[in-house]
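Listed here are the chains, written in short residue letters.
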Amino acid sequence: MTFYEFHDKPAPIPKVVVLEGNDSLLAQRALALLVERVVGPGMEALNVDRFEAAGMQSFESIASALASMPFMGNARLVVVRGAHELRADPRRALAKVAQEAPAGNVLAIEDLRPGRARGETFGSPGDTLRLQLTADAKTRARFARETLVDLGGEATPAAHELLSKGDSDLLALRTDIEKLTLLDRPIEPADVERELTQKIERRASHAAAIVVEAGPAEAYRAAADFFEEAGRNAAFPLLAAVATDCLGVWELARRGGALPARLSWRERALRPVARQVGEAGARRRFERAIRALEALVTGKAKDGRVLVDLLIATDSLERNAP
């Protein structure tokens, strides 16, 4: 069942509810609806128990909460956040608690990140409600429409379609809409494209700074995170930002070199790199970044992710060479 199906059609809630998918904002809203429907307004402090799964060595406290009688209400709600962070053994232990949950109260388990191998599943088919909390196009379209109404904003149909087609999470989408409504006029497609481009460029600059300044482990992780966030169009802005930083390092490595005014704020971070790699090394790093960018633009290389990984590996080998 999707979030909006659950939102629009109240139905009896079984003893176990599993929140699956990948959108944390939908998970928050689903939990708020569960609180409202299971324990009712004004009863949260009395009949809702909350636990963070990460770091728990035993789940006896959760079992105990499930066995407790509700206080001046019909049911208790026991919420377990972050079950997707559990390793195999504690996950099995929590699954056993869910399997043995008594009828009457409700156990809600947040188990996000569908791309990650979870292992043990929670609940049984007959007494478990699984909410699929993924921001697909249909969900994004409705969320964007409702957010615009909440904020008193307007968007042309084409602009609304662009907002619905993105791949960011809903919290990021709401932030984008909040910025766009500050225009104090109907949002146009060009406004959406400009905001999305600027956001990708900011993320690319942040990832590029780590690629240029940090060790290989951090660099690989930053690049992977950026590709996951920005999707198929991530390679060009990241390589462009890396080339810009490498040019800055080369300039600072030269005798009497200085950054242009627009990049002066980067000098404190880039100068140590310039000292470490030297002028010749800085030039080679910049030229490698430019060649990677050219290979991507001309179509000689199809996989930008491979280009970025090769840059990181080559730069690391050169920096660590005796």
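1. Quick word on the pattern of salt bridges
Step number 1: This model, assessed by the stated rule, comprises 27 salt bridges.
Step number 2: Arg81 serves as the salt-bridge partner of Glu110, at 3.0 Å between the closest nitrogen and oxygen. Linking Glu110 in strand β4 (residues 106-110) with Arg81 in strand β3 (residues 77-81), this pair joins segments that are 29 residues apart in sequence.
Step number 3: Glu110 gets classed as buried once you look at its relative accessible area, which sits at 7%.
Step number 4: With relative accessibility at 23%, the residue Arg81 sits in the partly exposed group.
Step number 5: Between Lys165 and Glu161 there is a salt bridge whose closest N-O contact spans 3.1 Å. Taken together, the positions of Lys165 and Glu161, both in helix α7 (residues 157-165) and four residues apart, correspond to about one turn of that helix.
Step number 6: Through salt bridges that share partners, Arg284, Arg285, Arg288, Asp315 and Glu318 make up one connected network.

2. A look at the nonpolar core
Step number 1: Formed by 40 residues in total, the largest nonpolar core has its most connected members in Phe226, Leu238, Leu239, Val242, Val249 and Val308.
Step number 2: In this structure Phe226 touches Ile200, Arg203, Ala204, Ala207, Gly231, Ala234, Pro237 and Leu238, once residues within four positions along its chain are discounted.

3. Looking at the environment of Arg221
Step number 1: Position of Arg221 relative to the elements: it lies in helix α10 (residues 216-230).
Step number 2: Accessibility expressed as a relative area gives 48% for Arg221, which makes it partly exposed.
Step number 3: Taking C-alpha positions, Arg221 is 9.1 Å from Ala207, a pair spaced 14 residues apart along the chain.

4. Some details on the layout of surface pockets
Step number 1: Here the largest pocket defines a volume of roughly 900 Å³.
Step number 2: Forming the walls of the largest pocket are 31 residues, and the residues nearest its centre are Leu196, Thr197, Ile200, Glu201 and Pro237.
Step number 3: Breaking the lining of the largest pocket down by element, the ones donating at least two residues are α7, α9 (189-213), α10 and α11 (235-253).
Step number 4: Looking at which element gives the most residues to the lining of the largest pocket, the answer is α9, with eleven residues.
Step number 5: Here the lining of the largest pocket is built from residues that sort into twelve nonpolar, eight polar and eleven charged.
Step number 6: Along the walls of the second largest pocket sit 17 residues, with Asn22, Asp23, Ser24, Asp169 and Glu228 positioned nearest its centre.
Step number 7: Taken together, the residues of the lining of the second largest pocket break down into three nonpolar, five polar and nine charged.

5. Description of empty space enclosed by the protein
Step number 1: The tally for this structure, following the rule as stated, stands at one cavity of 30 Å³ or more.
Step number 2: In this structure, the largest cavity encloses a volume near 40 Å³.
Step number 3: Arg140, Leu162, Leu163, Gly166, Leu173, Asp176, Val192 and Leu196 are the residues that line the largest cavity.
Step number 4: Among the elements of the structure, α7, α8 (170-181) and α9 are those that each provide at least two residues to the lining of the largest cavity.

Analysis parameters
Residues numbered from 1 in each chain as written. Predicted model: local features only at pLDDT ≥ 70, side-chain atom pairs only at ≥ 80, totals over all residues. Heavy atoms only, no water. Salt bridge = Lys/Arg side-chain N within 4 Å of Asp/Glu carboxyl O. Helix = DSSP H or I, 4+ residues; strand = E, 2+ residues; numbered from the N terminus. Buried < 20%, exposed > 50% of the residue type's maximum accessible area, 1.4 Å probe, protein only. Core = buried A, V, L, I, M, F, W, Y, C linked by side-chain atoms within 4.5 Å. Contact = heavy atoms within 4.5 Å. 1 Å grid on protein atoms, 1.4 Å probe; cavity = no way out; pocket = protein on both sides within 12 Å on 5 of 7 lines; lining within 4 Å. Points joined across faces, edges and corners; volume = space filled by probe spheres on them. Nonpolar A, V, L, I, M, F, W, Y, C, P; charged D, E, K, R; others polar.

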